[in-house]
Amino acid sequence: MNYGRHCIDQQDIDAVVEVLQSDFLTQGPMVPRFEKALADYVGAAHAVCANSATSALHAACAALEVNAQSRVWVSANTFVASANCALLLGAKVDLIDIDPETGNITPQTLQHKLDNTAQEHWPTHLIVVHFAGNSCDMKNIAGLVKASGCRIIEDASHALGAEHDGAKVGACCYSDVAVFSFHPVKMITSGEGGCAVTQQGDVAMRMRRFTSHNVVRDPDELLAQGHAIDGDWFYLSQAAAPNYRMSDIHAALGLSQLHKLDGWLTKRRALAAYYDQCFADSSLMPLKQSRLSSYHLYVVRLPEGAPRKQVFRAVRQADIGVQVHYIPLYRHPHLPQAVLPGCEKYYQQCLTLPLHVQLDQADLDRVVAQLDHVLKEYS
Ligand SMILES: Cc1ncc(COP(=O)(O)O)c(C=O)c1O
């Protein structure tokens, strides 16, 4: 039993086979269709798919002009991709502490860091991570930095379908861009894949170009730039950039999965509520949820001082695929070595339990009983 798992049915297989038998395996109609469906679902004007959320984050940073002069602040409790996207563009990355009860940065942890930083070193960009699928307090976080011109990216890799103030995460009410992941352990999958959504047309255009060699094909635009057009085939690459395009094969799978998302969210939330009920009188502390979560992950904190290393190993030996999310960014040797007590406290205690749509209450009962048994053994 893994902590997360994809769910593929005949409809998904048929959708992929249809593309395999069509004229276009890539750069056909499926990516634009998937993008339109995603934009409509989250309430964004534009969606730009990429071959992973890591690529989409890189494109978002490039489009928001992250460069060697940028100061990019990132939540310390996240996967390395949330910070590497800025490092790849030469920016200076700094880390923000989290609330150990939610795993998220808060207006208070951000304010603390701002208070301890000279104003000329305040962030040019903020990458906010909605850990486990529970949105951060975007309104108040944005309120602290927007006046200084800071651009905001939501790393919503965990949060497709989550809500914030009555809107879907991705509506970008308080941010410039939000990024989703379609890795198989996430809410829906396209195999590998990701998407950046925005309300801003110019940002969407820059992201799209970045994911495809920064190529410009529009003759009017090229003429306006002073280039001669050799013929109808003509295009020019405007700066070095990668090929991060999603293929139509992946988009077909993602689109087929998107139709099932709402049903799966209901199931994830029901399973999470069942775990909550099981842990109501236990020493294990589920993460606090302040908003409607997509429940990518279900995380508990072990009692302080519990031997997590042994608990992790013993539970794994019973074929229950617990995990630890995340090793704090400051522990990775290429990232700033910050001292962040909230994140460290969270990291020492956290354990991710299995949660995906192919589990049922009996599976969760087995997880809860095994954890109980192992904790008793080590107490
Ligand atoms: C918070 C976060 N950001 C970014 C990523 C990168 O996603 P992908 O694997 O689609 O590149 C992940 C992947 O797990 C993630 O959890």
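Residues numbered from 1 in each chain as written. Predicted model: local features only at pLDDT ≥ 70, side-chain atom pairs only at ≥ 80, totals over all residues. Heavy atoms only, no water.

### Some remarks on the nonpolar core
- Within the largest apolar cluster, 65 residues are counted, with the highest numbers of intra-cluster contacts made by L126 and M207.
- Of all the elements, helix α3 (residues 53-63) adds the most residues to this core, at seven residues.
- Residue-level mapping places this core at the junction of two domains, with at least three residues from each of domain 1 (10-258) and domain 2 (261-378).
- With 33 residues, the next largest nonpolar core counts V42, A44, F180 and L265 among its residues. (Core = buried A, V, L, I, M, F, W, Y, C linked by side-chain atoms within 4.5 Å. Buried < 20%, exposed > 50% of the residue type's maximum accessible area, 1.4 Å probe, protein only. Helix = DSSP H or I, 4+ residues; strand = E, 2+ residues; numbered from the N terminus. Domains from an automatic or database assignment.)

### Observations concerning the domain arrangement of the protein
- Each assigned domain of the protein is listed with its residue range as follows: domain 1 (10-258) and domain 2 (261-378).
- Taken together, the contact between domain 1 and domain 2 spans 41 residues of the former and 35 residues of the latter.
- Counting each side, the surface lost to burial between domain 1 and domain 2 is near 3200 Å², with a carbon and sulfur contribution of 60%.
- It is L95, P100 and E101 that lose the most area in domain 1 upon contact with domain 2, and together they represent 18% of the buried surface on that side.
- Counting across the domain 1 and domain 2 interface gives two salt bridges.
- For the pair domain 1 and domain 2, the number of links is 23 residue pairs in polar contact (both at pLDDT 80 or more). (Contact = heavy atoms within 4.5 Å. Buried area = accessible area lost by both parts, 1.4 Å probe. Salt bridge = Lys/Arg side-chain N within 4 Å of Asp/Glu carboxyl O. Polar contact = N/O pair within 3.5 Å; in protein donor to acceptor, adjacent residues only side chain to side chain.)

### Digging into the pairing of strand β4 (residues 125-129)
- Burial runs high along β4: five of the five residues are buried.
- Burial along β4 is two-sided: H125, I127 and V129 and L126 and V128, pointing in opposite directions, are all buried.
- By the bridge criterion, three bridges tie strand β2 (residues 71-75) to β4 in an arrangement that is parallel. If you follow V72 over to β4, its bridge partner there is H125.
- In the sheet, β4 pairs with strand β5 (residues 151-155) via five bridges, with the strands oriented parallel. Bridging from a neighbouring strand, L126 pairs with I152 of β5. (Pairing = 2+ DSSP bridges.)

### A few points about a nonpolar patch on the surface
- Together, I8, I13, V17, L20 and L25 give the surface a local cluster of nonpolar side chains, amounting to about 390 Å² of exposed area.
- If you trace the backbone, V17 turns up in helix α1 (residues 10-20). (Patch = residues over 30% accessible without salt bridge, like charges linked within 9 Å, V, L, I, M, F, W, Y side chains within 5 Å. Areas by Shrake-Rupley, 256 points an atom, 1.4 Å probe, with all protein chains shown as cover.)

### Brief notes about the sheet that holds strand β1 (residues 46-50)
- Within the open sheet, the seven strands sit side by side as β1-β9-β8-β5-β4-β2-β3. Their pairing is mixed. For this open sheet the edge positions go to β1 and β3 (92-96), each flanked by a neighbour on one side alone. Put simply, the sheet's adjacent strands are angled 20 degrees from each other on average, direction ignored.
- With four bridges joining them, strand β8 (residues 177-181) and strand β9 (residues 194-198) adopt antiparallel strand pairing. Its bridge partner being in β9, S181 is matched across the sheet by G194.
- Strands β1, β5, β8 and β9 of the sheet are contacted by helix α7 (residues 201-210), whose axis makes an angle of about 15 degrees with β1. (Axes fitted to C-alpha atoms, helices over the stretch in contact; angles between N-to-C directions.)

### Overview of the sheet that holds strand β14 (residues 350-353)
- Pairing in this open sheet of three strands is antiparallel, and the strands run β12-β13-β14 from one edge to the other. Each having just a single partner strand, β12 (285-286) and β14 make up the two edges of the open sheet.
- Two strands pair when backbone bridges link them, and strand β13 (residues 298-301) and β14 are joined in this way by four bridges, in the antiparallel orientation. Directly across from V299, in β14, lies its bridge partner T352.

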